[in-house]
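# Tertiary structure, described
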Amino acid sequence: MKATPLLGWYRALAVATGCALLVFCGFMVAKYGFGSAEEITTYVAMLHGYLYIGYFVVTFMLGQKLKWPLGRLIFTLAAGCIPFASFVAERRVVREAAEQPPVGAAQQTAGV
């Protein structure tokens, strides 16, 4: 697949969502483990939530464009809620998208 703006958005949102989730996990440990950073944890959670909404929409659109099976789509969508999974999913999606022929490209036949 040729690099499209949708794939670029997916990559950016996958990394941003993954980073926000890791920061959120750190603040959750600080909040519940040490009783500090209670107010900022709310804002970090909201940041991750907004980024995840964008990640979800873009991933769904990319999955439809690349004709992913349902299981693959669900795993990739859930990767934004599992620490480190969005980084793994992002690398896998980009690698497989680079190997795929363009969607809708007709195969040319030789000789006519």
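As the structure is a computational prediction, the values presented were derived from the model and not from experiment.

## A word on the overall build of the protein
The helix and strand inventory of the protein stands at four helices and zero strands. Relative to its 112 residues, the protein shows a buried fraction of 32%. Sequence separation of 24 or more characterises 66% of the internal contacts of the protein that already satisfy a separation of 6 or more. For the protein, the accessible surface area stands at approximately 7100 Å², while carbon and sulfur atoms represent 70% of it.

## Quick word on the UniProt feature "transmembrane region" (unreviewed entry) in the protein
The UniProt entry lists residues 12–34, 40–63 and 70–89 under the feature "transmembrane region" (unreviewed entry), expressed in the numbering used here. As a span, residues 12–34 carries 100% helix and 0% strand, and end to end its C-alpha atoms are 32 Å apart. For residues 70–89, the end-to-end C-alpha separation is 15 Å, with 70% helix and 0% strand making up the annotated structure.

## Regarding the packing of helix α1 (residues 5–34) against helix α4 (residues 85–99)
With their axes 9 Å apart at the nearest point, α1 and α4 run at an angle of 165° to one another. The angle between α1 and α4 places the two elements in the roughly antiparallel class. The crossing of α1 and α4 is left-handed. Between α1 and α4, the residues in contact are L7, Y10, R11, A14, V15, G18, C19 and L22 and S86, F87, A89, E90, R91, V93, V94 and A97, respectively. Along the lines of polarity and charge, the residues of the contact of α1 with α4 split into 11 nonpolar, two polar and three charged.

## Some thoughts on the pattern of salt bridges
Counted under the stated rule, the structure contains three salt bridges. E96 is paired through a salt bridge with R72; the nearest N and O atoms lie 2.6 Å apart. Note that E96 is positioned in helix α4 and R72 in helix α3 (residues 70–78), a separation of 24 residues in sequence. Owing to a relative accessible area of 28%, E96 belongs among the partly exposed residues under this scheme. Among the ionic contacts, a cluster of salt bridges with common partners joins R11, E90 and R91.

## Thoughts on the nonpolar core
By size, the foremost hydrophobic cluster in this structure holds 19 residues, and its most contacted members are L7, Y10, Y55, L62, W68 and V93. At the level of elements, α1, α2 (38–66), α3 and α4 are the ones that each hand at least two residues to this core. With residues up to four places along the chain from it excluded, the contact list for Y10 reads Y55, V58, T59, L62, T76, A89, E90 and V93.

## Quick word on unusual backbone geometry
The backbone phi angle of A37 is positive, close to 60°, even though this residue is not glycine. The residue A37 is located in the loop between α1 and α2 in this model. Here A37 falls in the partly exposed class, since its relative accessible area comes to 29%. At K67, a position not held by glycine, the phi torsion is positive, near 55°. When you line up the elements, K67 lands in the loop between α2 and α3.

Reading the values: the criteria
- Along each chain, the written sequence defines residue order, and numbers are assigned to residues from 1.
- pLDDT decides what is reported in this predicted model: residues at 70 or higher carry local features, side-chain atom pairs at 80 or more are listed and counted, and totals for whole chains, interfaces and linings draw on all residues regardless.
- The basis for every side-chain value is the complete set of non-hydrogen atoms in the structure, without hydrogens or water.
- A run of H or I in DSSP counts as a helix once it spans at least four residues, and a run of E counts as a strand once it spans at least two, with each numbered from the N terminus.
- For the exposure calls, accessible area comes from a 1.4 Å probe over protein chains only, and a residue counts as buried if that area is under 20% of its type's maximum, exposed if over 50%, partly exposed in between.
- Here a residue-residue contact requires only that any non-hydrogen atoms of the pair lie within 4.5 Å.
- Only the protein chains shown count as covering a residue, and every accessible area follows the Shrake-Rupley method with a 1.4 Å probe.
- UniProt positions are given in the numbering used here, feature names are shortened, and annotations may be inferred rather than shown by experiment.
- A fitted line through C-alpha atoms represents every axis, and for helices the fit uses only the stretch in contact; the resulting angles, taken between N-to-C directions, go from 0 to 180 degrees.
- If an angle is under 35 degrees, it is roughly parallel; if it is over 145, roughly antiparallel; if it lies from 65 to 115, roughly perpendicular; otherwise it is oblique.
- The sense of a crossing depends on the near helix, which, turned anticlockwise from the far helix by less than a right angle, makes the crossing left-handed and, turned clockwise, makes it right-handed.
- Ten residue types, Ala, Val, Leu, Ile, Met, Phe, Trp, Tyr, Cys and Pro, are classed as nonpolar, four, Asp, Glu, Lys and Arg, as charged, and the remainder, Gly among them, as polar.
- The term salt bridge refers to a side-chain nitrogen of Lys or Arg lying within 4 Å of a carboxyl oxygen of Asp or Glu.
- Residues belong to one nonpolar core when they are buried, are Ala, Val, Leu, Ile, Met, Phe, Trp, Tyr or Cys, and are joined through side-chain atoms within 4.5 Å.

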